[in-house]
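If you want the building blocks of each chain, they are given just below.
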Amino acid sequence: MATQRFEIVEGPGELKFVIGLLERDRRLQFTVKVNSFTVRPEVILQGILAEDGSKTKWLIQGYILEGSVLVAHSTPFKGYYDLRRRTGWIEY
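A short tour of the structure in this document, coming up.

### Some points on the nonpolar core
One broad rule of soluble globular proteins: the nonpolar side chains tend to lie buried together. Of all hydrophobic cores here, the largest spans 20 residues; its most connected members are Ile60, Ile64, Leu70, Phe77 and Ile90. Looking at this core, the elements that each hand over two or more residues are β1 (5-10), β3 (31-34), β5 (42-50), β6 (57-64) and β7 (75-82). Of all the elements, β6 adds the most residues to this core, at three residues. With residues up to four places along the chain from it excluded, the contact list for Ile60 reads Phe17, Phe30, Leu45, Gly47, Ile48, Phe77, Lys78, Gly79, Tyr80, Tyr81 and Ile90.

Shown next, in the form of structure tokens:
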């Protein structure tokens with residue numbers, strides 16, 4: 001299956017992002033642009049890695065949850081998220 005990438009146009013703030021990472025099974029939502037409309041899939045973060053030294057830009061990974069507009073069943077994803085701008089991308 002080909003990799004699909006979607007732009008995050010709005011995501012959680014710093015506090016929700018960190019809580020989502022630390023609390024197991026905590027669901028987060030990212031507003032994602034799909035063609036000419038937006039959807040808000042629920043995700044569970046499983047890991048992050050600093051993208052640079054700014055402490056605001058992160059490489060993320062986790063699962064897009066079952067029943068999302070993007071996927072029919074829980075699907076692993078990876079992506080990039082900028083906490084300051086609350087934007088980035090996810091791909092699966």
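### Brief notes about the pairing of β5
Pairing of strand β2 (residues 28-29) with β5 involves two bridges; the strand directions are antiparallel. Opposite Gln29, over in β5, you have Glu42 as the bridge partner. Both β5 and β6 contribute to a ladder of seven bridges, which runs antiparallel. The residue bridging Leu49 from the neighbouring strand is Leu59, located in β6. Taking the residues between adjacent antiparallel strands as the criterion, β5 and β6 are bridged by six residues, where Lys55 takes a positive phi near 65°.

### Some words on the environment of Gln4
Assignment of secondary structure puts Gln4 in the segment before β1. The spatial distance from the C-alpha of Gln4 to the C-alpha of Leu59 is 17 Å, given a sequence separation of 55 residues. For Gln4, the contacting residues outside a window of four places in its chain are Ile90, Glu91 and Tyr92.

### Quick look at the packing of aromatic side chains
This model, assessed by the stated rule, comprises three aromatic pairs. Ring centres of Phe6 and Tyr92 lie 6.0 Å apart, and the angle between their planes is 25°; this geometry places the pair in the stacked category. Highlighted residues: Phe6 in strand β1 and Tyr92 in the segment after β8 (87-91), separated in sequence by 86 residues. For Phe6, a relative accessible area of 11% translates into the label buried. Looking at Tyr92, the relative accessible area reads 14%, which means it is buried. Here the aromatic rings of Phe30 and Tyr81 are separated by 5.2 Å at their centres, their planes lie at 70°, and the arrangement is edge-to-face. Here the residue Phe30 occupies a position in the loop between β2 and β3, and Tyr81 occupies one in strand β7, the gap between them amounting to 51 residues. Classification of Phe30 by relative accessible area gives buried; the value is 0%.

### Things to note about the side chain of Thr75
Relative to the assigned elements, Thr75 resides in strand β7. Polar contacts involving the side chain of Thr75 include one to the main-chain carbonyl oxygen of His73, which spans 2.7 Å. Not counting the four nearest positions on each side in its chain, Thr75 is found in contact with Gly62, Tyr63, Ile64 and Tyr92.

Cut-offs used in this document
Residues numbered from 1 in each chain as written. Predicted model: local features only at pLDDT ≥ 70, side-chain atom pairs only at ≥ 80, totals over all residues. Heavy atoms only, no water. Core = buried A, V, L, I, M, F, W, Y, C linked by side-chain atoms within 4.5 Å. Buried < 20%, exposed > 50% of the residue type's maximum accessible area, 1.4 Å probe, protein only. Helix = DSSP H or I, 4+ residues; strand = E, 2+ residues; numbered from the N terminus. Contact = heavy atoms within 4.5 Å. Pairing = 2+ DSSP bridges. Phe/Tyr/Trp six-rings, centres within 6.5 Å; stacked < 30°, edge-to-face > 60°. Polar contact = N/O pair within 3.5 Å; in protein donor to acceptor, adjacent residues only side chain to side chain.

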